[in-house]
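# Working through the structure, step by step
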Amino acid sequence: MKLEALPAAKGNHNLEDYQKAYDQFDWSEAEKNLSWSETGRINAAYEAIDKHAESFRKNKVALYYRDPEREEKYTFKEMKEHSNKAGNILRQCADVEKGDRVFVFMPRTPELYFTVLGAIKLGAIVGPLFEAFMEGAVSDRLKDSEAKVIVTTPELLERVPFNDLPALKHVVLVGENVNEDGPYIDFLTRMKTASTKLEIEWVEKTDGLLLHYTSGSTGKPKGVLHVHQAMVQHYQTGSWVLDLKEDDVYWCTADPGWVTGTVYGIFGPWLHGASNVIVGGRFKPEHWYETIQNYGVTVWYSAPTAFRMLMGAGDELVKQYDLSSLRHVLSVGEPLNPEVVRWGVKVFDNRIHDTWWMTETGAQVICNYPSMEIKPGSMGKPIPGVQAAIVDDQGNEVPPYRMGNLAIKKGWPSMMHAIWNNKEKYESYFMPGDWYVSGDSAYKDEDGYYWFQGRIDDVIMTSGERVGPFEVESKLVEHPAIAEAGVIGKPDPVRGEIIKAFVALRDGYEATDELKEEIRNFVKKGLAAHAAPREIEFRDKLPKTRSGKIMRRVLKAWELDLPTGDLSTMED
Ligand code: ATP
Ligand code: MG
């Protein structure tokens, strides 16, 4: 494979810093940046907000919020006061104590952040839920976690089956005209008079912080428990990977319903005292570009699906905005197609830096740093302090370029602490040699870069060749007619499996047999004959999770007439 490298940008750290860190870095070094290493008092919400509110940053803007109806900003001092008020409401009206599970199920608004931070200040474990979840999805998660409190809105309340949830004691409602009958608490009215002083609950490093259910791309979502110690890695990756500096304006587009939206929508930026942009409402290219322009966003963290949609909206649109403030752009959640990286250079004058991690790893682990050369299509290298490898099913490392299990040596600070209520599932992630096995398939090249190939279950065996769906999909989206592609293996008596591609076309292209043939030849010439899809099916849309991941298991189930499994996280 041809490896093209784009020039490196200047960041907080240069490449030598990383080289040195690879050899010598110890996580206890990173810990020294957190106030607890001096005071012994641990709480992630204190560290993210109050610490700055008590420093020279107190009048610095912590949160810029906008949606189609609201535009607001809050300083660190104001964030401290509002989260204290929310904490007082939760403690006094909903009896929240350390270890209780408090779920937030509401649109992205400042109130969501006040309640998340307030609950964490009480030592509660916060479970964020994406606002689009329907009753079944909400109920499953609240039951599994035995949540005591849910914070939601009057509009979403009908999806909370209160009578079916014996552990659920209180419902905090964020909205107008709330009647405080039975379990209901009127959040907005109580905020007006709640005290801005709160006694923080100091915790242990291994006490619960977040309970995140996974995206459900491969099956039923799992409740992944993270603890306060994860902050060490949230902080360090904020410096190494997000490259945050004092005057940065940072924007992470992920919803807090997914791990990226909490770890890098709350902790990554705020542990560094950065100004954080949060945008509510639906995706709209114009609105997004306007956000970058109006706030002067400098560091921008988004996902391949969003970049592909922006690409689809056309280059002319980009030119209507002044995006010159951008200096560092990152991506996570799905493989980042080389085509998208090249487009980023063209229209943003910025390389998009891919980062790989998952709910279970709790923070970024394999990344492209600002100072390193990017090989488009590669997710980068392990960060210092993280040891990764490609191993076979017995836990033995395989040579470069051989596809295998992407594994990480146990012991990084943000590693999940448990799978809620499921010890067996937790243990199933580990292999002899203390390897945590990700479930993703990848290979490593001779320079130590990792190349994602697909989910282990998605890897296709065709005529004796192993083909990763991502390579085929990336080639497909290089074709001018194709907006998005999902590739699966379809059982075949002769070849074991054949490659079938589901393809969504860009506006203005017609779904014809000639186009199918052209696409097949395009992959044959650009990649390999055996990797060209034998079957191509045009679709208006591909099935995706709400966090924007293509659900290949659903494509496969539809194709083979199998049960589709848990669809709670699928888009409409
Ligand atoms: P579930 O575990 O419920 O099936 P999920 O794995 O999609 O859902 P997440 O934890 O949100 O849930 O996503 C992590 C997965 O996303 C990774 O295992 C990987 O497959 C994919 N992913 C994340 N970042 C990248 C990336 N940079 N390149 C390729 N794949 C990525
Ligand atoms: Mg997963």
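What counts and how
Residues numbered from 1 in each chain as written. Chains lettered and ligands numbered in written order. Predicted model: local features only at pLDDT ≥ 70, side-chain atom pairs only at ≥ 80, totals over all residues. Heavy atoms only, no water. Domains from an automatic or database assignment. Contact = heavy atoms within 4.5 Å. Buried area = accessible area lost by both parts, 1.4 Å probe. Salt bridge = Lys/Arg side-chain N within 4 Å of Asp/Glu carboxyl O. Phe/Tyr/Trp six-rings, centres within 6.5 Å; stacked < 30°, edge-to-face > 60°. Helix = DSSP H or I, 4+ residues; strand = E, 2+ residues; numbered from the N terminus. Buried < 20%, exposed > 50% of the residue type's maximum accessible area, 1.4 Å probe, protein only. Pairing = 2+ DSSP bridges. Axes fitted to C-alpha atoms, helices over the stretch in contact; angles between N-to-C directions. Near = heavy atom within 4 Å. Polar contact = N/O pair within 3.5 Å; in protein donor to acceptor, adjacent residues only side chain to side chain. Areas by Shrake-Rupley, 256 points an atom, 1.4 Å probe, with all protein chains shown as cover. Nonpolar A, V, L, I, M, F, W, Y, C, P; charged D, E, K, R; others polar.

The domain architecture assigned to the protein consists of domain 1 (18-442) and domain 2 (465-565). Once you take the C-alpha centre of each, domain 1 and domain 2 turn out to be 31 Å apart. Contact with domain 1, which involves 22 residues of that partner, is made by 21 residues of domain 2. For the pair domain 1 and domain 2, the summed buried area comes to about 1,800 Å², and 53% of that belongs to carbon and sulfur atoms. The tally of links from domain 1 across to domain 2 stands at one salt bridge.

Moving on, we come to the packing of aromatic side chains. Scanning the entire structure with this criterion turns up 30 aromatic pairs. Plain terms: the ring middles of Tyr46 and Trp202 are 5.3 Å apart, the flat faces sit at 75 degrees to each other, and that makes the pair edge-to-face. With a gap of 156 residues between them, Tyr46 in helix α4 (residues 44-53) and Trp202 in the loop between α8 (187-193) and β8 (208-213) connect regions that are remote in the sequence. Assessed through its relative accessible area of 12%, Tyr46 is described here as buried.

The strand order across the open sheet formed by nine strands is β2-β1-β11-β10-β12-β13-β14-β15-β16, and the pairing between neighbours is mixed. The strands lining the two open edges of the sheet, one partner per strand, are β2 (71-75) and β16 (381-382). Running at roughly 95 degrees to β2, helix α5 (residues 76-94) makes contact with β1 (61-66) and β2 of the sheet.

The next point concerns the site of ligand 1. Lining the immediate environment of ligand 1, one finds 22 residues, of which Ser215, Gly216, Ser217, Thr218 and Thr359 sit closest. Measuring from a nitrogen atom of ligand 1, one finds a backbone N or O atom of Pro335 at 3.5 Å. Measuring from an oxygen atom of ligand 1, one finds a side-chain N or O atom of Lys549 at 2.8 Å. Protein contact buries 96% of the 630 Å² of open area that ligand 1 shows by itself. Elements that contribute at least two residues to the shell around ligand 1 include exactly β14 (352-356) and β22 (450-455). Among the elements that take part in the shell around ligand 1, β14 stands out by supplying three residues, more than any other. When its residues are assigned to classes, the shell around ligand 1 shows six nonpolar, nine polar and seven charged.

Here strand β27 (residues 535-538) shows a clear split, with Ile536 and Phe538 buried on one side and none of Glu535 and Glu537 buried on the other. Judged from the four bridges that link them, strand β26 (residues 496-505) and β27 form a sheet pairing that is parallel. Residue pairing for β27: Ala501 is matched across the bridge by Ile536.

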